[in-house]
Amino acid sequence: MARIFWIMNEEILFRLIQSVIPDLKRLDQYNYRDAYSKKYDLSIELKCRHKHYEDLLIEKIKWDKLIKHNRVRYINSTPIGIFSFDLKKIPEPIWTLRDMPHHTEFTNTENVEKMIGLISIYKAEDLSHLLRRI
């Protein structure tokens, strides 16, 4: 795995994914998924982590909605790379309750209980090569 050390935001991540899926469209910021490709019938959820973790978090409520799609990717960037999970090909995480901020990117940041699971980056396709497009 390449050591990139890059801080990403969702707009840059979206543009990188769009460079290989040209018809990818951004969805509304309040949608449970971030992007959709009609050509590939592919739903994508994007997350940008400012710290690297070998196990990346997904909320159960998000998993339950995303897993209903025929083709779905959960794509996370960390400071050392980009990791794409095919949610149809990995086992469902073990769910646990955890106190977490209600939102991380919006104004409502008080803690609430969330059902979360962790997914190992070793179950992901490494898309770090896309960073060469920057």
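Scroll up to find the structure.
Engineer: Please explain the packing of aromatic side chains as it appears in this structure.
Structural biologist: Two descriptors summarise a pair of aromatic rings, namely the distance from one centre to the other and the angle between the planes of the rings. Under the definition given, this model contains two aromatic pairs. Measuring from ring centre to ring centre gives 6.0 Å for Trp63 and Trp95, while their planes differ by 70 degrees; the resulting arrangement is edge-to-face. Here Trp95 lies in the loop between β6 (81-86) and β7 (96-101) and Trp63 lies in helix α2 (residues 60-66), a separation of 32 residues in the sequence. A relative accessible area of 3% means that Trp63 is categorised as buried. Seen in terms of ring centroids, Tyr74 and Phe85 are 6.3 Å apart; in terms of plane orientation they differ by 35 degrees. Their pairing is tilted. Separated by eleven residues along the polypeptide, Tyr74 in strand β5 (residues 71-78) and Phe85 in strand β6 bring together distant segments of the chain. Here the guanidinium or amino end of Arg26 rests over the ring plane of Phe14, the centre of that ring lying 5.3 Å away.

The rules behind each value
Residues numbered from 1 in each chain as written. Predicted model: local features only at pLDDT ≥ 70, side-chain atom pairs only at ≥ 80, totals over all residues. Heavy atoms only, no water. Phe/Tyr/Trp six-rings, centres within 6.5 Å; stacked < 30°, edge-to-face > 60°. Helix = DSSP H or I, 4+ residues; strand = E, 2+ residues; numbered from the N terminus. Buried < 20%, exposed > 50% of the residue type's maximum accessible area, 1.4 Å probe, protein only. Lys NZ or Arg CZ within 6 Å of the ring centre and 35° of its normal.

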